[in-house]
Amino acid sequence: MRDGPRYFLFFLPLMVLGCLVGDSRGDIIILRNGQELRGRVTIEGDKARIELDVGATLVVDRGEIAKTVVEGPGRGATKGAAEVSQELLKRLEERERIHALLEALLDDDERVRLEAEAELAKVGPSALPLVRQALARSRGQEKLHLLRVIAALGDVASAQAVEAVLRNPQEKDLHLEAARALVALRGPRAQWALTEVLVGAKDVALRGECVALLGRLRSAYAAPFLVAALGERALA
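Residues numbered from 1 in each chain as written. Predicted model: local features only at pLDDT ≥ 70, side-chain atom pairs only at ≥ 80, totals over all residues. Heavy atoms only, no water.

Enquirer: Would you take a moment to explain the pairing of strand E2 (residues 36-44) for this structure?
Expert: In the case of a regular strand, side chains alternate between the two sheet surfaces. In terms of strand pairing, strand E1 (residues 27-31) meets E2 through four bridges, oriented antiparallel. What sits directly across from Ile29, in E2, is Leu37. Following E1, the chain reverses through four residues before pairing antiparallel with E2; Gly34 in that reversal takes a positive phi of roughly 95°. Across six bridges, the pairing between E2 and strand E3 (residues 47-52) is antiparallel. The residue of E3 that forms the bridge with Ile43 is Ala48. Where E2 hands over to E3, the hairpin turn is made up of two residues, of which Gly45 adopts a positive phi near 65°. (Pairing = 2+ DSSP bridges. Helix = DSSP H or I, 4+ residues; strand = E, 2+ residues; numbered from the N terminus.)

Right, here's the structure in full:
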């Protein structure tokens, strides 16, 4: 279990509740955003499956559940509080789809990963909060795909995180993709970071990519460094 005993103790009452209630309905589930749902909760690993009395089923991160009230709504509960709105249902379903696509980025099959990458880009800005979280904790191939997604979505807010990848000597395999993403996010303002990388990089492929990107940006600032780099390439 990812988060250890703390989460186990937090959700133990819910698991016991599932055993005691059986197929009964009517528990109140309160999410952390304040929304109250009516149905039955089943814990499945890091997820919570909520079978709603209105006939739909939601699967959310278990941490999104603040608490449950056993045996139906309290005396002050209203019908509006007990039923889930279609808008909330849509948001939760989209959130679950984004989680599934992020998990697919870890698949051994490259085709599956590329399809997930493309689908995440199609989701649009609503995917960014979860994509940013994933970028912060990801490594290797997963992070490579996330860099592409962030570039495709034009997430300027992630430019600093992308630049950090570009400058991290422990993530050399991601430097090319990070350089492309940085240009996609910052445009001409990426010239300073790219020039720095060009001057200090030992990797031939990375230097070549920086030269190409800076040339595309028509960077006057980088011109002397480009001339020097092209001269070195001619002498090599």
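Enquirer: In this structure, what is going on with helix H10 (residues 204-217)? I would like to understand it.
Expert: Along an α-helix, residues three or four apart share an orientation, since each turn contains 3.6 residues. Along its 14 residues, H10 runs 20 Å from first to last C-alpha, staying within 8% of the 20 Å computed at 1.5 Å per residue. When H10 is considered as a whole, its buried residues turn out to be Leu206, Arg207, Glu209, Cys210, Val211, Leu213, Leu214 and Leu217. Capping the start of H10, Asp203 holds a side-chain oxygen 3.2 Å from the backbone nitrogen of Ala205, two or three residues further along. Arg218 sits one or two residues past H10 and shows a positive phi near 55°. (Expected span 1.5 Å × (residues − 1). Buried < 20%, exposed > 50% of the residue type's maximum accessible area, 1.4 Å probe, protein only. Polar contact = N/O pair within 3.5 Å; in protein donor to acceptor, adjacent residues only side chain to side chain.)

Enquirer: I tried to follow the environment of Arg216 on my own but got confused; where do I start?
Expert: With respect to the helices and strands, the residue Arg216 is situated in helix H10. As a C-alpha pair, Arg216 and Pro188 span 28 residues in sequence and 9.5 Å in three-dimensional space.

Enquirer: Please explain unusual backbone geometry as it appears in this structure.
Expert: A negative phi angle characterises most non-glycine residues, just as the trans form characterises most peptide bonds. Located in the positive-phi region is Arg218, a residue other than glycine, with phi close to 55°. For Arg218, the position within the fold is in the loop between H10 and helix H11 (223-235). On the basis of relative accessible area, Arg218 is assigned to the exposed category, the value being 75%.

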